[in-house]
Structure formats: structure tokens, C-alpha cells
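# Residue-level structural notes
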Amino acid sequence: MATDTEVDLTPRLKTDEMLINMGPQHPATHGVLRLILTLDGEIVRHTEPILGHLHRAQEWQGQNRTWFQYQALIDRVDYLSGMFTSWAMARAAEVVDGCEVPERAEYLRVMVSEMNRITSHLLWLGTYLIDLGAMFGFPFYPFREREKLLELFEEIAGQRMMFNYIRIGGVMRNPKDAWLSKLKKFTEEFPDRVDEYEAIVTENPIFLKRTKGVGILRKELGMDYGITGPSIRASGVNIDLRRTKPYSVYPKLKFDVPVNDRDGDTFDRYIFRIREMRQSNEIIKQCLDMLPQGEISGKKQIAGLRVKAGEGFAAVESPRGTLGCYIISNGSDRAYRIKWRNPSFCNLSILPELLKNHPIADVMAIFGSIDVILPDVDR
Amino acid sequence: MAEGNVQGPSEVPDELKDTVTLTTLEKMIEAMGDLLSPVVSPIANAARSNSVWPLTFGTSCCAIEMMSVGMSKFDISRFGSEVFRATPRQADMIITAGTITRKMAPALITLYEQLPEPKYVIAMGACTVTGGMFNDSYSVVQGVDRIIPVDIYLPGCPPRPEGILDALLKLQQKIRTESYAERKKKKYRQNAVRYVDYDTGRPLEDLVDEARYETALALDPLKSLQESK
Amino acid sequence: MSETPAAKPPEEPKGPGLCGQFLKDHGIATTRLPDSCGVETIEIDGAHLEAAMKLLRGSSEIKLDYLVAVSGVDSADTFDSVYQLWSYSNNNELIIKVRVKKTDVVEGQLPLVPSLSRFWSAANWHERETYDLVGIRYYGHPYLRRILNVWDWDGHPLRRDYKQLVDALNDKAPGSFR
């Protein structure tokens, strides 16, 4: 006769897996991503992301537009950090062309792109909190600072989001002294504002429960998938192109790249972005002090802009990771082939691994934390 | 209103019956008929125009400006539209914020058809007005009015938040000046202009034509060949 | 537009670079191409691609463990599959090209290149994208399906001979812009 311990306790009920479609129209997917989730009860077993709902043929446009026209288009590749997409292509074209960039232009580039990094992270912070359920309340705070920066952008580039400011060979306009002093004022008050966000979020028990220990990204797995940016630095891989493959005037600036000492979870990815914002603010301050006088463009900005024949790859460290551009030029006024290496595209490919064996309620917490922008994925 | 007045496409089709909800106020106006409509309609319209709830539909860059307009600096709630609804059943209008591609078009059509009547569309941004900067891309629908009817066109790449507010005010003006009875008489289309296939990204009518032609060819090769000549 | 990249002035033949020499020591033959902006560029036969990648990734001195991008190029007489390799830990860089001659491609079929995605997850989506846009079939890929375009899309848009589909969604009135 069987004792209690020998009784077979395996459940007799047969469970079936369930398919759930999420998107492409979903308020929390930051655009138009479609996920097909296979659920076992509440647990996600398998995820299939379906991309391309925003495929606008950017690479095809690159072959069919002149360099001068295409410069205006590429801000749309990653609309939250348009400065970086412009910069990636400008760098690649400069590497192929071999043209010199004046030092003042380099400082201005660093300045505006670090400003852009702050706006991008601010928007991420606001929307991420919405994803976690902080409906309409908290996002007002980051958007307040974001609007201030957008006003500065508008003053220098003429547009709030699609700047077309960094051009092949330099930058487009010289800032006025009033603009520089406005920016200086902003950098002085910004750390206090970050303190404000942290006071609301970082030790908030609900936020901690939603994020701590959720979506742990192992270092080796991240390297296997080619993850870059704050997401992999939060998992302990030291790759920040500003330091590991220095470009522009970054070697002259003083800043540290924070790297985690363990496999990062969703909370770590949050805290590393907050640190990056403070760090960017410091970089802008240094640039304001060191900004030299001089020319701002080493190449004439005319409609018949040409790039010498050749091929080359150049990358910049965007808010989401390594943003690269591979150019093959044949010396005409159009590119022969332009290939974008988008950080969001590569970072998103790890989503099925991260979501595995997490409850469906965590899907948005994890997806938001890798900070994906859909046009950057789909191009 | 007598049933005789309402004919043809303005009748809600059977397959869309569950998606169309008329408010009690509208039913009241309908019952009172043409006589009282000029009196009640302006009141109803004024009420409706000040609470146009948009759907959170954003595909790309314009969606960020749509977010900005909801935030404290521009504050769309001054005009009664701060309630962004995540489901089309609770919304009154779509702001098509961002490029619509061939892959996204079927989803937009479904969303549009799920909106309860009366429904409005603001085509926001150059991409959805004419195709904009991507006006020769192989994968972009060149203007959202090729798939759904549009009320307000809002150009810009992306339009400034003030532009969105302006478009909203124009839409409110449009809602205020129209009479519901008139709108019904105009045989306003319930459904999309044309449908797009999700798997091939082509208009459904083209696929149907192709299939018809192929069937005819299979049934009677000689005759179809002669016809095509 | 459709003309090919202008031929570069002939450079003096160089010996194999760091990675080329490393591969040669392990018995894999490579051809050195002109450096692309200072980065070593080698051409390799498709059959040896997987072995070479495993060597480059695993060795302690080269350690090219970061696959940045896989791009497809429709060149004049070849289809190129271009691999950008970086390292997470040191400053090595390498560009590998696998070239399939257009004359070798069977009429009506796609050029074949071996897939890396079985041992390198980063290659998975890049290869799907290249298949979608340029039309290079990566054999051995676990799920080679279109990723950006719709599933039943006709043609590969980044090919030079691609003709755009014109229908009611994108036709233009004659004389309009463009």
C-alpha cells in the first residue's frame, strides 16, 4: 500500500499552449511591432517578433537619392536621436572621402549629439514608466526638460526633431552666443531635475517590484547576439565606442563609462541610462568651456555633393548602441550601396530569449527596458 | 427620420452592425426627425466637438509630437482631446501619426472600421498626406487617403504640436457646422476606400482580378487569349 | 546610377594581414582585397566560411567575437555577402567578403552562401534581412523568411534590376513630381 509520500502528485490535467497576438497596434510597443506569444498559462514560452510594419526603404532611398538629398532623410532612421544617424553617415562618408572636419565642428557635433542623447533617454524614461503602468502623471516631468532642449534644437537647426544639422564635412550653422548661454543655464539646472526623477522612481517600491530580477541578460548571451549600448553595459561588457574606438574629440574630454559588475536586470538598465544622462550633461559642460573658434564645415554644402570612390564602415555610440553605416561609393553623386547597422535591430533580436519563462505581465517591462525604436529596427 | 430617406451605403451593413454604436442623443435626434434637427443638432454637435477622443495610433516620428502635444507644455486637454484611448471602440478619431506602409495598411483599415460612427480621420504628417519624403519607396502607401477617407490634412515633417492643435480646432469646426441628418443623407461611407492584403501587400481588388483572369484562363484558354488580344 | 564602383588604381600586392596570416596558419586560404579605409579586408570561399569564423571567434589573440553586421551587395558581376567583425575586448577589425559570381547562379534561383546563425545568433536576423532585400539564400538557416517586407513580396528590392510594383497604392498621375 502506498504511503502519502509515494503518491504521484503530477497533475492529471492536460494543458495546452495558447497563441496570443500582440500588436501591431498596441499602446506600449513604441510603434508598430507585432509579437506572437506562445503562452503556457501565464508564462511566455516562445516569442516571434514580426517586424517591418514601418519598413520605409531607407537603404533603397540611399541608392536613389543624391548625397545631399539623402542627408535630409536619414534623421528619420532613428527619429529620437537624429543627430546620431546623421553623424554615423557623415563619419562614414568622411572616412571614405578623406575630408577634414574642423575642430569647432567636432565640438559642436559632440555637444548637440549629447543633448540629443539626453532627450532620447528622457523620452524613454517617460514612456517606460507609462509601460509599467504609471499612467499620465510621471511623464510630465521628463517631457518638461525635453521641451527645453527641443527649443534649443529648434533655434540651432530649425526643427524640433528632424535636425539635418550634422552634414558631411561639418555642421550646418554656427550657434549664437545667446544659444550657448541658454545651454549653459540648462546644464546647470539639469542635475537637479534628474535628482527629481530619481526621487520619484528609483526607490519607488512598485517600480522596484516590477523591475528587480526581471529580464536578466547574461553577458555571454548578450555578446552572442551582438547587443550594444546601455543594455550590454548594464550586463558588464565594456563597449562604448566613445572610449573603446574613440572618434571625434572624445579623447580630449573627461568622462567615465559606467560598467556593471554582474548580469544586469531591467532595473540596472534603467539606472545606467540615468547615469548616462548625468554623464552627457558633464560632457556638454566641458564642450562649452573648450569650444574653439573657427570654420564649421570642411566641405561645401552644395546640391552636387560628391563622395570619392571607395568603401568604408564607421560607427558612433548612439543612445541605443553601436549605430554603424557601411558605404560603398562609386564617386558619383549617389551612393552605390548604403547599409545601416542599427542598434535597435540587433538589440531586438534578443527579445525571444529575454521573454522566455517570464509571465506575460513582464513582457512590456522587459521590452521597454531594451529601448527599441521601431523605425530604427525597420528602416 | 423616415426609413425611406436612408438608403444604400448609409445603411449600416450587416457585417459592421456590431461595430456601430449610436448614442442615445443621436437616436433622439433621429426620432425627432428633420423638424427638430436644426434645433437639437447644434447642441449635440457642440457637445461632441469638445470631446473628440483620439485613438493612440502612432507609427513613427509624428507619434512623438503627438505625445508632446499631450504633455504639459502644449496640453491638448484644453480642447477636450486628452483622453487617448487604446481601443478604437472608445475613440472618435484617428490621428494617423506616421508613415503607413503596405504591411501596416491592413491594420489601419481594421482600426478604422472598428471606430464607431461618427468617425473622423486627421492625416498627420507629410507621409500620410502624399507619401512625403518617402514618395517613391516601394513599401510606402503614398497617402493614407488611398485606403481610408480623410477629413483633415495636416502637412509637416513632423508638424509642430501647434499644428496638431490647429488641425483639431479645424476638425471641431467641421463637427460643429455639420448636421447629423445631412451627414446621413450624404451616404457617408462606413468602410475603407480599398482593402490591402497582409501577405502580399497588394490591393485586394488587384488580387481578385488576377484570380478571376486565371480561373477564366484555366476554364477556357482559347477564349481568354482572344479577349486579351 | 547602375554603373559599378570605379576601379581603383592598382595597388602594390601586399602580404596577408594579421587575420589573413592567422587563417593561413590554420590551413584556410584567403585572398586579400584592398583595405577598406584602413580595415583589413579578405575574400574567402563560401565552403570555408564557417570554419574560418569559428577560428577567428574562438582564438585568444584575434578574438573577433562581435559580429557587427552582415550586408549584401549586388556588385557588377558578383553577389557579395559582407561580414563586419569587431572585437568586444581589443581593437581588431576585419571585413570578410564571400562572393558568388552571377554567372554561377542558376537561372531563376538565388545565390547560395552558408549560414552562420547556427553558432552565432547575431547573424540570424542580419541574414534574414539580406535574404529579404538583396536575395542571397543562406543555406542552413533555421528560419529563412522575409523579415522586413511582407511575406509574399515579389522580388528583392536592393537588386539593381528590381522593378517597383505599381498599383493603386503608389501610382502617380503622369507629370507629377518625380
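Residues numbered from 1 in each chain as written. Chains lettered and ligands numbered in written order. Predicted model: local features only at pLDDT ≥ 70, side-chain atom pairs only at ≥ 80, totals over all residues.

### Brief notes about the overall build of chain C
- Secondary structure assignment for chain C yields three helices and seven strands.
- Secondary structure elements in chain C, listed N-terminal to C-terminal, are α-β-β-α-β-β-β-β-α-β.
- In chain C, buried positions account for 39% of the 178 residues. (Helix = DSSP H or I, 4+ residues; strand = E, 2+ residues; numbered from the N terminus. Buried ≥ 20, exposed ≤ 12 C-beta atoms within 10 Å, placed from the backbone.)

### Some words on the environment of A:Arg76
- Inspection of the secondary structure assignment puts A:Arg76 in the loop between α2 (67–73) and α3 (82–97).
- Taking the C-alpha atoms as reference points, A:Arg76 and A:Leu241, 165 residues apart in sequence, are found 23 Å from one another.
- The residues contacting A:Arg76, other than those within four sequence positions of it, are A:Met162, A:Pro375 and B:Cys61. (Contact = placed C-beta atoms within 7 Å.)

### Observations concerning helix α6 (residues 177–201) of chain A
Residue and element names in this part refer to chain A.
- Spanning 25 residues, α6 covers 36 Å between terminal C-alpha atoms, matching the ideal 36 Å at 1.5 Å per step.
- The largest bend in α6 is about 35 degrees, located at Phe-190, with the proline Pro-191 one to four residues further on.
- Buried positions along α6 lie against α4 (103–131), α5 (140–157), α7 (205–211) and α11 (266–290). (Expected span 1.5 Å × (residues − 1). Bend = angle between axes of the 7 residues up to and from the residue.)

### Looking at the packing of helix α2 (residues 61–70) of chain B against helix α5 (residues 161–177) of chain B
Residue and element names in this part refer to chain B.
- Put simply, α2 and α5 touch, their axes get as near as 9 Å, and they point 75 degrees apart. When the axis of α2 is compared with that of α5, the two are roughly perpendicular. In this structure, α2 uses Glu-65, Met-66, Ser-68 and Val-69 to contact α5, whose residues at the interface are Pro-161, Ile-164 and Leu-165. (Axes fitted to C-alpha atoms, helices over the stretch in contact; angles between N-to-C directions. Parallel < 35°, antiparallel > 145°, perpendicular 65-115°, else oblique.)

### Examining the interface of chain B and chain C
- The interface is formed by 17 residues belonging to chain B together with 13 residues belonging to chain C.
- Each residue belonging to the side of chain B that touches chain C can be placed in one class, and the counts come to four nonpolar, five polar and eight charged. (Nonpolar A, V, L, I, M, F, W, Y, C, P; charged D, E, K, R; others polar.)

### Observations regarding the sheet that holds strand β1 (residues 18–22) of chain A
Residues and elements named next belong to chain A.
- What the three strands build is an open sheet, ordered β1-β2-β3; its pairing is antiparallel. The sheet is open, and its two borders are formed by β1 and β3 (43–50), each paired with just one other strand. Across the sheet, the mean angle from the axis of one strand to that of its neighbour is 20 degrees, orientation sign disregarded.
- Pairing between β1 and strand β2 (residues 34–40): five bridges, direction antiparallel. Looking at the pairing, Met-18 lines up with Leu-39 of β2. (Pairing = 2+ DSSP bridges.)

### Re the confidence of the model for chain B
- Confidence along chain B averages 79 in pLDDT terms, with 77% of residues attaining 70 or more.
- This model gives residues 1–10 of chain B a pLDDT under 50, and the stretch forms 15 contacts once residues within four places in sequence are excluded. (pLDDT = per-residue confidence, 0-100.)

### Overview of the interface of chain A and chain C
- Opposite the 35 residues of chain A that make contact, chain C presents 28 residues.
- Elements with a contribution of two residues or more to the side of chain A that touches chain C: α1 (58–64), α3, α8 (219–225), β6 (310–318), β7 (321–329), β8 (335–341) and α12 (343–348) of chain A.
- Class assignment of the residues belonging to the side of chain A that touches chain C gives a composition of 16 nonpolar, 10 polar and nine charged.

### Some thoughts on unusual backbone geometry
- Of note, the bond from B:Cys157 into B:Pro158 is cis; its omega dihedral lies within 30 degrees of zero at -15 degrees.
- Examined against the element boundaries, B:Pro158 turns out to sit in the loop between β4 (152–154) and α5.
- For A:Ala57, which is not glycine, the phi torsion reads 60 degrees and is therefore positive.
- By secondary structure assignment, the location of A:Ala57 is in the loop between β3 and α1.

### As for the nonpolar core
- With 192 residues, the main nonpolar core has A:Ala88, A:Ala92, A:Cys325, A:Ile327, B:Leu108, B:Ile122 and C:Leu85 as its most contacted residues.
- The element contributing the most residues to this core is α4(A), with 14 residues.
- Among all residues touching B:Ile122, those that are not within four sequence positions of it are B:Met93, B:Ile95, B:Asp151, B:Ile152, B:Leu154, B:Ala167 and B:Leu171. (Core = buried A, V, L, I, M, F, W, Y, C linked by C-beta atoms within 7 Å.)

### Examining the environment of B:Ser179
Residues and elements named next belong to chain B.
- Positionally, Ser-179 belongs in the loop between α5 and α6 (180–185).
- Owing to 18 C-beta atoms within 10 Å, Ser-179 belongs among the partly exposed residues under this scheme.
- Residues Ser-179 and Ala-192 lie 13 residues apart in sequence; the distance between their C-alpha atoms is 22 Å.

### A word on the packing of α3(A) against α4(A)
All names here are of chain A.
- Orientation of α3 relative to α4, taken along the N-to-C sense of each, is 140 degrees, at an axis distance of 8 Å. Our classification of the angle between α3 and α4 gives oblique. Here α3 contributes Gly-82, Met-83, Phe-84 and Trp-87 to the contact with α4, which in turn contributes Arg-109, Val-112, Ser-113 and Asn-116.
- The residue makeup of the contact of α3 with α4, split by class, is four nonpolar, three polar and one charged.

### Quick word on the sheet that holds β8(A)
Residues and elements named next belong to chain A.
- One open sheet holds the three strands; their spatial order is β6-β7-β8, and the pairing between them is antiparallel. What marks the edges here is a single partner per strand, and that holds for β6 and β8. In this sheet, neighbouring strand axes are inclined to one another by 15 degrees on average, regardless of whether the strands run parallel or antiparallel.
- Relative to β6, α3 is tilted by about 150 degrees, and along the sheet it contacts β6 and β7.

### Describing α5(A)
- Relative to the 26 Å expected for 18 residues at 1.5 Å per residue, α5(A) spans 25 Å between its end C-alpha atoms, a close match to the ideal helical length.
- Of all the residues in α5(A), the buried ones are A:Tyr141, A:Pro142, A:Phe143, A:Glu145, A:Arg146, A:Leu150, A:Phe153, A:Ile156 and A:Ala157.
- Close packing links the buried residues of α5(A) with α4 and α6 of chain A together with α2 of chain B.
- With its phi angle positive at about 90 degrees, A:Gly158 sits one or two positions after the end of α5(A).

### Let's talk about the confidence of the model for chain C
All names here are of chain C.
- Scored by pLDDT, chain C has a mean of 81; 89% of the residues are at 70 or more.
- Across chain C, the element-wise mean pLDDT spans from 76 in helix α1 (residues 18–25) up to 90 in helix α3 (residues 122–133).
- With pTM at 0.85, the complex prediction returns an ipTM value of 0.84.

### A few points about the pairing of β6(A)
All names here are of chain A.
- Burial of β6 is extensive: nine of the nine residues sit out of reach of the surface.
- Sheet topology note: the β6/β7 ladder contains nine bridges and is antiparallel. What sits directly across from Ala-315, in β7, is Gly-324.
- Linking β6 to β7, which pair antiparallel, is a turn of two residues.

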